[in-house]
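Summary of the model geometry
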Amino acid sequence: MAAAVALRDGRLAVLPTETVYGLGARADMPRAVARIYAAKGRPADHPLIVHVAHASYLPEWGHPVPSYATALARAFWPGPLTLVVPRTARAGDFITGGQDTIAVRVSSHPGLQGVLRHLAAMIGDPAVGIAAPSANRFGQVSPTTAGHALDELADVLDPDDVLLDGGPCEVGVESTIVDCTGTAPVVLRPGQVTAGAIERAANVRMGHSSPVRTPGTLPSHYAPSARVIITSPQELADRATLRTDASVGVIALADIATPPGLVRLSEPVTSDDYARVLYAALREADALRLTEVLAVPPPRDGVGAAVLDRLTRAAT
Ligand code: TXA
Ligand code: MG
């Protein structure tokens, strides 16, 4: 398998996950990991998520793992959840940005799982990790197809690096990140796994403040060139009576009509659909050279909170 061989030999691999595409390197190879930062233009103090094959390898990377974190791993892995725990010696400074914690995730994507299995077998280390941030340039929209990842990174990858096309991502927004370093879990970045689902699965109450720094969750992030404006169905309808403008795009659930003259970028039927198509719609806005995107967020339950979070960052 080409991606596993490339990683084994210290090269980079663009890899599918169920959330967004990642740009991966062996998590035990400082020079390979350094190339991730160079390719993305990512500041060195922004730590990376380490992807492992199975929940049983969490203690290899993190210690101590509180019992609620073990419960969350059991409930949601493989899946779109990342756990931040105190790090072990396996997690080098070159991954954690010098922090004393490590972010760990087990992806459900069969492509990434296959790569991890092959890599583990080739090097004889079942707990091997692949460090992978989203496969976009720093501050840009995360890619949800292999083509979008290439659009982001083709200029900066080497001929020896590998891309594994695993089809469009099913979730479409990045994993939920949970700080598991305190007595109660705290959500650092919302995703498809909601705070309510976390409380039910681990039978704990959510904590509200966290000492953990999450440098990547800047107020302005995931931003296309077009200006993103969060709007209500009523404001959207009023817009049509003011002017029709073919340089303005619309993202809204399918039951919300497109005002005459505006460009419909997507019409997802459910909140899950909305999350799945959001980043492709923002890319489409730039491809069409639109100047503005009017986005009506979906209801805030389920993945809706994560969609609103990303729209808010795109709008900042
Ligand atoms: O769904 C995802 O999580 C995707 C796929 C590829 O797995 N990955 C992803 O990685 O979104 P990235 O690097 O784009 O975002 C990871 C976020 C960053 O905001 C980073 O600061 C934060 O996780 N992070 C990583 N390690 C951390 C740590 N030890 N403590 C706090 N935040 C951490
Ligand atoms: Mg990212």
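Above this text is the structure in question.
This text gives an overview of the structure that appears in the document. Going along each chain's sequence as written, the residues are numbered from 1 onward. A letter from A marks each chain and a number from 1 marks each ligand, given out in the order of writing. With the structure being a predicted model, the display of local features is reserved for residues of pLDDT at least 70 and the display and counting of side-chain atom pairs for 80 or more, all residues being used for whole-chain, interface and lining totals. By convention in this description, side-chain values take in all heavy atoms of the structure and omit both hydrogens and water.

1. Digging into the overall build of the protein chain
When you go through the protein chain residue by residue, the secondary structure sums to eleven helices and 13 strands. Taking 2.2 N^0.38 as the reference for a compact globule, 316 residues should give roughly 20 Å; the C-alpha atoms of the protein chain span a radius of gyration of 20 Å, in line with that estimate. C-alpha extents for the protein chain along the principal axes are approximately 65 × 50 × 30 Å. Relative accessibility decides the category of a residue: with a 1.4 Å probe and only protein chains considered, values under 20% of the type maximum give buried, values over 50% give exposed, and everything between is partly exposed. Residues classed as buried in the protein chain amount to 54% of the 316 residues present. Note on contacts: a residue pair is in contact if any heavy atoms of the two residues lie within 4.5 Å. At a minimum sequence separation of 6, the contacts of the protein chain that also span at least 24 residues come to 66%. Accessible surface for the protein chain amounts to roughly 13100 Å². Of this, 53% is attributable to carbon and sulfur atoms. Here the positive residues are Lys and Arg and the negative ones are Asp and Glu; neither His nor the chain ends is included. Where a charge lies is defined by one atom per residue type, namely NZ (Lys), CZ (Arg), CG (Asp) and CD (Glu). One way to put it: in the protein chain the 27 positive side-chain charges average out to a point 4 Å from where the 31 negative ones average out. Secondary structure elements are taken from DSSP: a helix is a run of H or I of four residues or more, a strand is a run of E of two residues or more, and numbering for both begins at the N terminus. Atoms counted for the radius of gyration: C-alpha only. Globule rule: 2.2 Å times residue count to the power 0.38. Working definition of accessibility: Shrake-Rupley area with a 1.4 Å probe, residue cover restricted to the visible protein chains.

2. Details of the site of ligand 1
A cutoff of 4 Å decides nearness: a residue is near a molecule or strand if any of its heavy atoms lies inside that distance of it. Around ligand 1 sit 27 residues, and of these T19, H51, S134, S175 and R189 come closest. By the criterion applied in these results, polar contacts are pairs of N or O atoms within 3.5 Å in which, for protein atoms, one can donate a hydrogen and the other can accept it, and in which residues neighboring in sequence qualify only through two side-chain atoms. Between ligand 1 and R42, the relevant distance is 2.9 Å, taken from an oxygen atom to a side-chain nitrogen or oxygen of the residue. The side chain of S134 places a nitrogen or oxygen atom 2.9 Å from an oxygen atom of ligand 1. Burial of ligand 1 by the protein amounts to 98% of the accessible area it has alone, namely 680 Å². Elements that contribute at least two residues to the shell around ligand 1 include exactly β3 (49–51) and β5 (101–105). Looking at the shell around ligand 1, the element that brings in the most residues is β5, giving four residues.

3. Points about the environment of R105
Considering the arrangement of structural elements, one finds R105 in strand β5. Sequence-wise, R105 and A120 are 15 residues apart; in three dimensions their C-alpha atoms are separated by 16 Å. There is a polar contact of 3.2 Å between the side chain of R105 and the side chain of T19.

So, to be careful, I would describe these as geometric facts and stop short of saying anything about function.
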